[in-house]
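A closer look at the structure
Single-letter residue listing:
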Amino acid sequence: MRTPLSTPPNARPNARPNAPGESRTTTPTRRGSTADARTGHTHRLRADAVTLGYDRRVISEDLTLAVPDGSFTVIVGANGCGKSTLLRGLARLLKPAAGAVHLDGREIHRAPSKEVARRLGLLPQAQVAPDGITVADLVARGRYPHQSLLRQWTRDDEEAVRDALAATGVEDLAERLVDELSGGQRQRVWLAMALAQRTEILLLDEPTTYLDIAHQVEVLDLCERLRAERGHTLVAVLHDLNLACRYATHLVAMKDGAVVAEGAPDEVITEALVEHVYGLACRVLPDPECGTPLVIPRKNVSTVPSTPPKEELR
Amino acid sequence: MVDLGIRAVRLGPLAVRVSARSVLVCALLAVVAVAAATAAVLLGEIQVGLPRLLVTLTGGGSAFEEYLVLDSRLPRVVTALLVGLALGISGAVFQTVSRNPLGSPDVIGFETGAATGGLVALLVVGGGVAGASVGAVLGGMATAVVVYALALRNGLDGLRLVLIGVGLGALLLSVNALLIVRADVYDAQEAGGWLVGNLAGASWDGIGWLAPLVLALCAGALALSRPLTIAELADDSAAGLGQRTDRLRLTAITVGVLLSSLAVAAAGPIAFVALSAPQIARRLTAASGPNLLASGLAGATLLVLADHAARELFQPRQVPVGVVTGLVGGVFLAWLLTREWRKGHA
């Protein structure tokens, strides 16, 4: 039982499973992850009451999020709501001013970075491919956390890279230069690099940007396969609400740096919530293809008053 | 099965990645550097035959041959090799850290800053040659600190670094000119020659302190090769792979500044070797990553050739080697800028 349908959009029933005074209890389990006694979920990766921001600008305060193990957790919200910031915090790219992110029961900022990189992978939003690098060479860099001065290119490395190239369908591009690829091909190569890292937890910051709809579905299908077939945990920031609803097993809605609702998409996504989070009046119907919520904006009621309706002019 | 183009030598638990092409390129560059150095000792206004060179090296030469080969040409060539090596590796380190081919110490004012330090020690403090060397290293470090302090903002932006460096370099160039104008004529003439980059004053004493420092720092830079390869990626990607870029950058910059400042201390600010050597090395090896060793060897080869030209082309006069690298490198810089500009607007 997760967020009930009747919950008002600003309620946070599942946001702080550890908060004192609540009836639910958490118990430590294998490798320091915690289990939620009520939902039965374990959480290897969690943010506990973190304050995140840049310089002196605070984006999120006292934010708590537990990523269910084996879930495809998708974070949605309007531009600037702090979803990428939260992902950067979870990925230890951003050090919380207060609170802490825990991975396997250990504070992520205190753990050796390479050790973390063997458990938690990241596909960041902005990427820079070095000049004149081949696809295979770039994907091979994903093996860095598994390598050392004397173990620079083992058979495991080779197998992981081949596997990642095959999984993302870029095998045939292996010898090509990354500079020569199209945006869609390049995004799949970056994903291959993250896969070559072979981590059980993978964080993806807007992995479908720059991709056409077919490639978006392809990337998300691949993520779903990683979850279903290999039991990986995925956390992604997505802009497309309908795709988020289709693929997420755990949906997190954010507004103004806070989690306003989380749970299964059909429990979280309501007309009221979308209106609250995005300021968009809409209808929510079951997706005819998979039954997940389908968000359809209402006609001419955009709250961004670019061309106000005539009635309001009087 | 698709060829990944990645090879390794595996022996028990060891698995060292090697690129046949990079090994070949480094070997060839080393051969060319040694051949160029030998030619520079043998050839010139006065020719020395190979048999006479061997005789002189083993202590059987005439007094004139001993002076020409042992005291004049050989130390000059060895210094050129060391300075070229230092500049090439320093350039490769900086270009990798700034992710910009123009981020090399000669473009972003670090060599000019080292020269300012050297001039202040020479003309203001009056510390002599040893003082000038220390001054050059201090000047280079100070310039690096200022440029990076101004360029850092939520990580390092390569273009911002280049622009700030070029600006500060121009400022320091004026300071250098001012120092020369204010000095007395004899000092000014000597300092002026040093300021364009000159190997004519090379001596075994100089090599005595230069060689161990340069070789140790080069070894230090080579040890950073693998992390630097990861740091070529954006900061977030590198961090995701478990490589923190802030500390690595600090270490790499320290090694790079020391190398370029030592080069300036030994031979004055020689332009364009640090800029062009890594670019040449990259094109020869066709490998990504900093290509540190190949860059160093390319730098050594370039400087020996340039210094030989500077020594012999305008006989009976000699021009400072900086004039030659400046002429050749200026053309190279123009080509590189055009190429980068086109790429940026493609």
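Let's shift gears to the overall build of chain A. Helix and strand counts for chain A stand at ten helices and 15 strands. Restricting to contacts in chain A with at least 6 residues of sequence separation, those with at least 24 account for 63%. When the accessible surface of chain A is split by element, carbon and sulfur atoms take 49% of a total near 14,200 Å².

This part covers the confidence of the model for chain B. Predicted coordinates in areas of low pLDDT are best not read in detail. Across chain B, the average pLDDT comes to 89, with 98% of residues at or above 70. For this predicted complex, the interface confidence reaches an ipTM of 0.84, while the overall pTM sits at 0.86.

Residue and element names in this part refer to chain B. The interhelical angle for the contact between helix H4 (residues 110-125) and helix H6 (residues 158-182), taken along N-to-C directions, is 20°, at an axis separation of 9 Å. In terms of axis orientation, H4 runs roughly parallel to H6. Regarding H4 and H6, the two cross each other, and that crossing is left-handed. Residues Thr112, Gly113, Ala115, Thr116, Leu119, Val120, Leu123 and Val124 of H4 touch H6, and the partners they reach there are Gly169, Leu172, Leu173, Val175, Asn176, Leu179 and Ile180. Along the lines of polarity and charge, the residues of the contact of H4 with H6 split into ten nonpolar, five polar and no charged.

All names here are of chain A. Read across the sheet, six strands follow the order S9-S10-S11-S6-S12-S13 without closing on themselves; strand pairing throughout is mixed. Edge positions in the sheet fall to strand S9 (120-123) and strand S13 (258-263), since each of these pairs with one other strand and no more. Sheet twist, expressed as the mean angle between neighbouring strand axes with direction ignored, is 15°. In the sheet, strand S10 (residues 201-205) pairs with strand S11 (residues 233-237) via five bridges, with the strands oriented parallel. Counterpart to leucine 203 in the pairing with S11 is valine 235. Seen against the sheet, helix H5 (residues 183-196) touches S9 and S10 and runs at an angle of roughly 170° to S9.

Let's shift gears to the side chain of threonine 325 of chain B. All names here are of chain B. As for its position among the elements, threonine 325 is in helix H14 (residues 321-344). Given the relative accessible area of 7%, threonine 325 is considered buried. Of note is the side chain of threonine 325, whose polar atom sits 3.1 Å from the backbone oxygen of alanine 271. When sequence neighbours within four positions are dropped, the list of residues in contact with threonine 325 reads Ile270, Ala271, Phe272, Val273, Leu303, Ala306 and Gly330.

On to the interface of chain B and chain A, then. Of the residues lining the interface, 35 residues belong to chain B; the matching set on chain A comes to 43 residues. Of the roughly 3,400 Å² buried between chain B and chain A, counting both surfaces, carbon and sulfur atoms make up 53%. Between the two partners, chain B and chain A, sit four salt bridges. Aspartate 137 of chain A is the partner of arginine 17 of chain B in a salt bridge, and the nearest nitrogen-oxygen pair spans 2.8 Å. Inspection of the chain B/chain A interface yields 18 residue pairs in polar contact (both at pLDDT 80 or more). Elements with a contribution of two residues or more to the side of chain B that touches chain A: strand S1 (7-11), strand S2 (14-18), helix H9 (225-231), helix H10 (235-240) and H14 of chain B. Partitioning the side of chain B that touches chain A into residue classes produces 15 nonpolar, eight polar and twelve charged.

So, on to the packing of helix H1 (residues 20-42) of chain B against helix H13 (residues 292-312) of chain B. Residue and element names in this part refer to chain B. Packing of H1 against H13 leaves a shortest axis separation of 9 Å and a crossing angle of 20°. Compared by their axis directions, H1 and H13 come out roughly parallel. Crossing geometry of H1 relative to H13 is assigned as left-handed. Touching Cys26, Leu29, Ala30, Val32, Ala33, Ala36, Ala37, Ala39 and Ala40 of H1 are Leu293, Ala294, Leu297, Ala298, Thr301, Val304, Leu305, His308 and Arg311, all from H13. Classifying every residue of the contact of H1 with H13 gives 15 nonpolar, two polar and one charged.

Any two side chains of opposite charge can pair, on the condition that their charged atoms come close. Counted under the stated rule, the structure contains 29 salt bridges over all chains. Residue aspartate 236 of chain B is joined to arginine 88 of chain A by a salt bridge in which the shortest nitrogen-to-oxygen separation is 2.5 Å. Of this pair, aspartate 236 of chain B sits in helix H10 while arginine 88 of chain A sits in helix H1 (residues 83-90), placing the two residues on different chains. Among the salt bridges present, the one from glutamate 232 of chain B reaches arginine 141 of chain A, with a minimum N-O distance of 3.0 Å. Of the two residues, glutamate 232 of chain B is situated in the loop between H9 and H10 and arginine 141 of chain A in the loop between helix H3 (135-140) and helix H4 (155-167); the pairing between them involves two chains. Overlapping salt bridges bring together Arg44, Asp104, Arg106, Glu115, Arg119 and Glu200 of chain A as one network.

As a further point, take the pairing of strand S5 (residues 57-67) of chain A. Regular strands place side chains that alternate from one sheet face to the opposite one. Residues and elements named next belong to chain A. Sheet analysis places strand S4 (residues 45-54) next to S5, joined by seven bridges and oriented antiparallel. Within S5, the position partnered with glycine 53 by the bridge is valine 58. Once S4 ends, the chain turns through two residues before running back antiparallel as S5, passing aspartate 55 with a positive phi of about 50°.

Procedures and definitions
- Residues numbered from 1 in each chain as written.
- Chains lettered and ligands numbered in written order.
- Predicted model: local features only at pLDDT ≥ 70, side-chain atom pairs only at ≥ 80, totals over all residues.
- Heavy atoms only, no water.
- Helix = DSSP H or I, 4+ residues; strand = E, 2+ residues; numbered from the N terminus.
- Contact = heavy atoms within 4.5 Å.
- Areas by Shrake-Rupley, 256 points an atom, 1.4 Å probe, with all protein chains shown as cover.
- pLDDT = per-residue confidence, 0-100.
- Axes fitted to C-alpha atoms, helices over the stretch in contact; angles between N-to-C directions.
- Parallel < 35°, antiparallel > 145°, perpendicular 65-115°, else oblique.
- Left-handed = near helix turned anticlockwise from the far one by under 90°.
- Nonpolar A, V, L, I, M, F, W, Y, C, P; charged D, E, K, R; others polar.
- Pairing = 2+ DSSP bridges.
- Buried < 20%, exposed > 50% of the residue type's maximum accessible area, 1.4 Å probe, protein only.
- Polar contact = N/O pair within 3.5 Å; in protein donor to acceptor, adjacent residues only side chain to side chain.
- Buried area = accessible area lost by both parts, 1.4 Å probe.
- Salt bridge = Lys/Arg side-chain N within 4 Å of Asp/Glu carboxyl O.

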